[in-house]
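Commentary on secondary and tertiary structure
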Amino acid sequence: MTQTPRPSGAMTRPAPRPCLMRLGALLLAGSIAGTAAAATPDATKTRSYIDHAWSTLTRSQDDCAALTDTKVTGHPVLYLPADQPVPPSVAAVGRRCGVEVRPLPRTIGQLGDIDATTLPQQGLLYLPHPYVVPGGFFNEMYGWDSYFIVLGLVADQRTALARDMVDNALYEVAHYGGVLNANRTYYLSRSQPPFLTAMMTAVLDDPAAFGSAEARRQWLAGAYPLAVRNYEIWLRPEHRAGDTGLARYYDLGSGPVLEAKDSAYYVGVIRWLRAHPAEDPGYLLKASQHPDDAEAARLQQSSCDVRASKVCEGAWLDGYRLTADYYHGDRAMRESGFDTNAHFGPFGGSTHHYADVSLNSLLYRYERDLHDFALQLGKPGEAERWAKAADARKAAMDKYLWQARDGMYRDYDFVAARPSPYPYVTTYYPLWAGSASPEQATALRKALPVFERKGGLSMDNRAAGVQWGEPFGWAPTNWLAVAGLDAYGLHDDAHRIARKFMATVDQGLADDGTIREKYNMVLGNAEVKVSAGYSENVVGFGWTNGVYLKLQALVQGSTAPSPGAGATEHTP
């Protein structure tokens, strides 16, 4: 994909809310001080920033400011599970904060049981414990962000809050059908990268998390069946990557996402595709701006429901609309967490066509974790089941994802029956998961120059103007690669990349007094200019904080890397 201009009116992040004023004041002061003093990078100052940031990023649903959402209009609503009575404390918060507290219309058995479009209003989903948000305007607990935040909390000896985060994720599985993209009603149709068992392991391995071995065992006994239930999301027909035996990302809804405030993002996608017809995979559909009833009925199947969705209705330009298949890919991209990318088609619109290296690596690790949990709980038969599932997934990954000629794992387009022609940094996820052989690890080490830059590992080697692509790098992908390399004995490479990414975070803090969600790997700083999709480089930032602490510990040799037992099976 060529250099991508930002779609006109692309979906932008809303302004911060009053509940973030504490964080904003802290960061503004740091920014002013950093600018005035022209500070040089200082790891001590980065560590101090992180220490202060945990409290400013922590939310509790007894805090009125945490209950609002700028992505929807109208009176704020807090939804509780249909099978749970409203606790008196929650009812009191509703009265005090002017928030309507109401139950969901039915008990949720699995993800997607409630169509959020049928709710009278979108709102926040209740969680019983405090949680850490990513940063910026984010005011809810996010799926895969939470794993890296938990790693940081454990590393920083904030064990109670780390356990609260994991208990909230388990609560989502029990009452909302799975670990959600985030605890908002418009996310009831999708999950996010499956890190639940890794989150559980991070807490279980912390001696301070439980008062006794028996308390630990009782907690695991309650959490284990919920972890299994969350795993089953990825075995559903919708999440199968054809007949590969692998999984794909797939949102259970259809049409434009409900969190889109208007049609601008989708109009921008159409505009870009019209300007680059050779790069359109078939996302455009000729249609009227104001279709009659007969055409509107056809568009329900071929595009989206113009009668039910204002965003769908407005997603038209120059005689074209977007296909239903594009909308499925757009939703799947958001479940993957890589929004927006150019790797899975323009604007990630073909994400659901791929058996994804990252997802299947995470599921392999998940299966190995379930195996270990089952053994700890005295369930050898179940442990054998999980071991066989992991072995089958590894075989399928070797068959479809491993490209020996390139010495990399590549995402597999099971619709077109071919691997992606483009490398992606998720090729290192199998090292973190422990599914790679020693020979594959050696080959992956040789591939590091494809991604390694001054500031760490870039997402890929194609500058397409999107945030999940060159020259940008992110804390989670850098950590998983570093931890994986280290687990396979490639310590020099792991430590070198760790130092690079830490230096980038230090430089960003020295430049403007903040820690950000993403960084420029080529420049080794936080200078990020995105031209397609989300353009803001959000301040905070939860997963960067957590990863920085883990990288620091790894380099200093004070803790073992996170992969743990799951990564040692094939470690040389």
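All figures in this text were calculated on a predicted structure; none of them were measured in a lab.

What counts and what doesn't
- Residues numbered from 1 in each chain as written.
- Predicted model: local features only at pLDDT ≥ 70, side-chain atom pairs only at ≥ 80, totals over all residues.
- Heavy atoms only, no water.
- Disulfide = S-S within 2.5 Å.
- Helix = DSSP H or I, 4+ residues; strand = E, 2+ residues; numbered from the N terminus.
- Buried < 20%, exposed > 50% of the residue type's maximum accessible area, 1.4 Å probe, protein only.
- Contact = heavy atoms within 4.5 Å.
- Phe/Tyr/Trp six-rings, centres within 6.5 Å; stacked < 30°, edge-to-face > 60°.
- Lys NZ or Arg CZ within 6 Å of the ring centre and 35° of its normal.
- pLDDT = per-residue confidence, 0-100.
- Expected span 1.5 Å × (residues − 1).
- Arc of directions from axis to C-beta.
- Polar contact = N/O pair within 3.5 Å; in protein donor to acceptor, adjacent residues only side chain to side chain.
- Pairing = 2+ DSSP bridges.
- Right-handed = clockwise from strand over helix to strand, strands pointing away.
- Salt bridge = Lys/Arg side-chain N within 4 Å of Asp/Glu carboxyl O.
- Axes fitted to C-alpha atoms, helices over the stretch in contact; angles between N-to-C directions.
- Parallel < 35°, antiparallel > 145°, perpendicular 65-115°, else oblique.
- Left-handed = near helix turned anticlockwise from the far one by under 90°.
- Nonpolar A, V, L, I, M, F, W, Y, C, P; charged D, E, K, R; others polar.

1. As for the state of the cysteines
One way to say it: the disulfide is the covalent bond shared by the sulfur atoms of two cysteines. The final tally for this structure, using the stated rule, is 2 disulfides. Here C64 pairs with C97 through a disulfide, and the sulfurs are 2.0 Å apart. Linking C64 and C97, the disulfide has an S-S dihedral of approximately -70 degrees and is accordingly described as left-handed. Here the residue C64 occupies a position in the loop between β1 (58–59) and β2 (77–80), and C97 occupies one in helix α3 (residues 88–97), the gap between them amounting to 33 residues. Taking relative accessible area as the criterion, C97 reaches 18% and is therefore assigned buried. Of note for the protein: the bonded cysteines, numbered N- to C-terminal, pair according to 1-2, 3-4.

2. Quick look at the environment of D164
With respect to the element layout, D164 can be found in helix α5 (residues 159–176). Sequence separation between D164 and Y131 is 33 residues, and the spatial gap between their C-alpha atoms is 6.8 Å. Sequence-distant contacts of D164, defined by excluding residues within four places in its chain, comprise H129 and P130.

3. Some details on the packing of aromatic side chains
On inspection of all chains with the given rule, the structure shows 40 aromatic pairs. Here the guanidinium or amino end of R365 rests over the ring plane of W432, the centre of that ring lying 4.3 Å away. Against the face of W386 rests R385, its NZ or CZ located 4.0 Å from the ring centre.

4. Points about unusual backbone geometry
Of note, the bond from D339 into T340 is cis; its omega dihedral lies within 30 degrees of zero at 10 degrees. Its identity as a non-glycine residue notwithstanding, Q157 has a phi of 60 degrees, on the positive side. Mapping Q157 onto the fold places it in the loop between α4 (143–155) and α5. Phi angles above zero are rare outside glycine, and F347 is one such case at about 60 degrees. Summarising the element assignment, F347 is placed in the loop between α11 (324–336) and β8 (354–355).

5. Section: the confidence of the model for the protein
This prediction gives the protein a mean pLDDT of 91; 90% of its residues lie at or above 70. Contacts for the low-pLDDT stretch residues 1–37, under 50 throughout, to residues beyond four places or in other chains number 104 contacts. Taken together, the stretch residues 558–572 has pLDDT below 50 and engages in 43 contacts with residues farther than four places along the chain or on a different chain.

6. Some details on helix α2 (residues 43–56)
Between the first and last C-alpha of α2 there are 20 Å, a value that for 14 residues agrees with the 20 Å anticipated at 1.5 Å per step. Every buried residue of α2 is accounted for by T46, Y49, I50, A53, W54 and T56. Here the buried residues of α2 occupy an arc of 155 degrees about the axis, which is enough to place them on one side.

7. Details of the side chain of R334
Mapped onto the fold, R334 is located in helix α11. The exposure class assigned to R334 is buried, which follows from its relative accessible area of 3%. At 3.1 Å, the side chain of R334 forms a polar contact with the side chain of D330.

8. With respect to the sheet that holds β2
Pairing between the strands of a sheet comes from backbone hydrogen bonds, and it takes one of two forms, parallel or antiparallel. Judged by pairing direction, the sheet is parallel, and its 3 strands sit side by side in the order β3-β2-β4 without closing on themselves. Looking at the sheet topology across the chains shown, the edges are occupied by β3 (100–103) and β4 (124–125). As defined by bridge partners, β2 adjoins β3 across 4 bridges and the pair is classed as parallel. Bridge pairing in β3 places Y79 opposite R102.

9. Some points on the sheet that holds β8
A sheet is described by the order of its strands in space; here 3 strands give the open sequence β8-β11-β12, paired in antiparallel fashion. The sheet is open, and its two borders are formed by β8 and β12 (418–419), each paired with just one other strand. As defined by bridge partners, β8 adjoins strand β11 (residues 412–413) across 2 bridges and the pair is classed as antiparallel. Bridge pairing in β11 places Y354 opposite D413.

10. What to know about the environment of A503
Note on placement: A503 falls in helix α17 (residues 491–512). Among the residues examined, A503 registers a relative accessible area of 40% and is labelled partly exposed. The spatial distance from the C-alpha of A503 to the C-alpha of P41 is 7.4 Å, given a sequence separation of 462 residues.

11. Brief notes about the pairing of β2
Along any regular strand the residues' side chains alternate between the sheet's two faces. The two faces of β2 match: V77 and Y79 on one face and L78 and L80 on the other face are all buried. With respect to chirality, the unit in which β2 leads through α3 into the neighbouring parallel β3 is right-handed. The pairing of β2 with β4 spans 2 bridges and is classified as parallel. Paired with Y79 across the bridge in β4 is L125.

12. A word on the pattern of salt bridges
Opposite charge on two side chains makes pairing possible when the charged atoms of those side chains draw close. Applying the stated criterion across every chain, the model contains 25 salt bridges. The partner of D293 in a salt bridge is R307, with the nearest N and O atoms 2.9 Å apart. With D293 in helix α9 (residues 293–302) and R307 in the loop between α9 and α10 (310–314), this residue pair connects regions lying 14 residues apart in the sequence. With relative accessibility at 59%, the residue D293 sits in the exposed group. We note a salt bridge from K310 to E313, for which the minimum N-O separation is 3.7 Å. Remark: E313 and K310 occur in helix α10; sequence separation between them is 3 residues, near one turn of the helix. Residue K310 is classed as exposed on the basis of its relative accessible area of 69%. One network of salt bridges, with partners in common, ties together R445, E452, D493, R496 and K500.

13. With respect to the packing of α2 against helix α18 (residues 542–556)
At their nearest, the axes of α2 and α18 sit 10 Å apart, and the two run at 130 degrees to each other. Relative to α18, α2 is oriented oblique. Here the hand of the crossing between α2 and α18 comes out left-handed. From α2, A43, T46, R47, Y49, I50, A53 and W54 reach across to α18, where they touch G542, N545, G546, Y548, L549 and Q552. Of the residues in the contact of α2 with α18, the class split is 7 nonpolar, 5 polar and 1 charged.

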